[in-house]
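Take a look at the letters that make up each chain.
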Amino acid sequence: MKRIIVIALAVVAIAACQSPKEKTLAAIQQLEANDSIFSPEQIEKVKAAYIDFANKYPDDELAPEFLFKAGQRCNATANHDQALALFQQVIDKYPKHKIAEEALFLQGYIYENSLQDISRAKTVYVKFIELYPNSELAEDAKFSIENLGKTPEQIFEEFDKKDSTASAKK
């Protein structure tokens, strides 16, 4: 019995020694472990925890990543305006962070595919190429610009025509 009490007290002591930031991170890890695309409530909880952490600890190296993850969850739940705003926060507050590049690309993707705002999508993709010409996503942005407003069928049809023309030239 004494052993159980000692262990319980040790656990409480360790938990009490955690800073608020460490407690918040532990809570986020717990939420992430239960995160599911099938549970809107769980997605909302983890998204809120990400945003809360980024707001409380904006200088922490995890802040831009948490804002980005929150934006991804907003996009997954069709809350596109909030996703765009969160990605913009990443771009504005953390422009040198590696994830800012992906945040900008995803803004173009959302405008193109979710909101069907071809004009804004093109603007974002052009800006992306200007800012990140050597990015792995630059070719994707160029491809998207070339195919804005086209249906997947039209794109496949064009590929087939190009493939047929290339084969005929051989």
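See above for the structure.
Below is a short write-up of the structure. (Residues numbered from 1 in each chain as written. Predicted model: local features only at pLDDT ≥ 70, side-chain atom pairs only at ≥ 80, totals over all residues. Heavy atoms only, no water.)

**Remarks on the nonpolar core**
If you look at the biggest cluster of nonpolar residues, it comprises 39 residues, and the most contacted ones within it are Phe68, Phe87, Val90 and Phe128. Those elements that provide at least two residues to this core are α2 (20-33), α3 (40-56), α4 (63-76), α5 (80-93), α6 (98-114), α7 (118-131) and α8 (138-146). Excluding residues within four positions of it along the chain, phenylalanine 128 makes contact with Glu101, Leu104, Phe105, Pro133, Ser135, Leu137, Ala138 and Ala141. (Core = buried A, V, L, I, M, F, W, Y, C linked by side-chain atoms within 4.5 Å. Buried < 20%, exposed > 50% of the residue type's maximum accessible area, 1.4 Å probe, protein only. Helix = DSSP H or I, 4+ residues; strand = E, 2+ residues; numbered from the N terminus. Contact = heavy atoms within 4.5 Å.)

**Regarding α6**
For α6, which comprises 17 residues, the first-to-last C-alpha distance of 24 Å matches the rise-based estimate of 24 Å (1.5 Å per residue) to within 8%. By the burial criterion, the buried members of α6 are Ile99, Ala100, Ala103, Leu104, Phe105, Leu106, Gln107, Gly108, Ile110, Tyr111 and Glu112. Packed against the buried residues of α6 are α4, α5, α7 and α8. (Expected span 1.5 Å × (residues − 1).)

**Focus: unusual backbone geometry**
Look at alanine 78: it is not a glycine, yet its phi comes out positive at around 65°. The phi angle at glutamine 116 is positive, at roughly 50°, despite the residue not being glycine. For glutamine 116, the position within the fold is in the loop between α6 and α7. Using a relative accessible area of 53% as the deciding quantity, one classes glutamine 116 as exposed.

**Quick word on the packing of aromatic side chains**
Per the stated rule, a full pass over the model turns up 7 aromatic pairs. Ring geometry for phenylalanine 105 against phenylalanine 128: centres 5.6 Å apart, planes inclined by 70°, an arrangement best described as edge-to-face. In this pair, phenylalanine 105 is assigned in helix α6 and phenylalanine 128 in helix α7, connecting sequence segments 23 residues apart. Geometrically, the ring pair formed by phenylalanine 128 and tyrosine 132 is tilted, given 5.3 Å between the ring centres and 45° between the ring planes. (Phe/Tyr/Trp six-rings, centres within 6.5 Å; stacked < 30°, edge-to-face > 60°.)

**Regarding the pattern of salt bridges**
Following the criterion strictly, the structure yields 5 salt bridges and no others. With its nearest N and O atoms 2.4 Å apart, the salt bridge here joins aspartate 60 to lysine 21. On the criterion of sequence distance, the pair formed by aspartate 60 in the loop between α3 and α4 and lysine 21 in helix α2 is long-range, its members being 39 residues apart. The buried category is assigned to aspartate 60, whose relative accessible area is 14%. For lysine 21, a relative accessible area of 29% gives the class partly exposed. With a shortest N-O distance of 3.3 Å, aspartate 52 and lysine 56 are connected by a salt bridge. With a gap of 4 residues between them, aspartate 52 and lysine 56 both fall in helix α3, about one helical turn apart. (Salt bridge = Lys/Arg side-chain N within 4 Å of Asp/Glu carboxyl O.)

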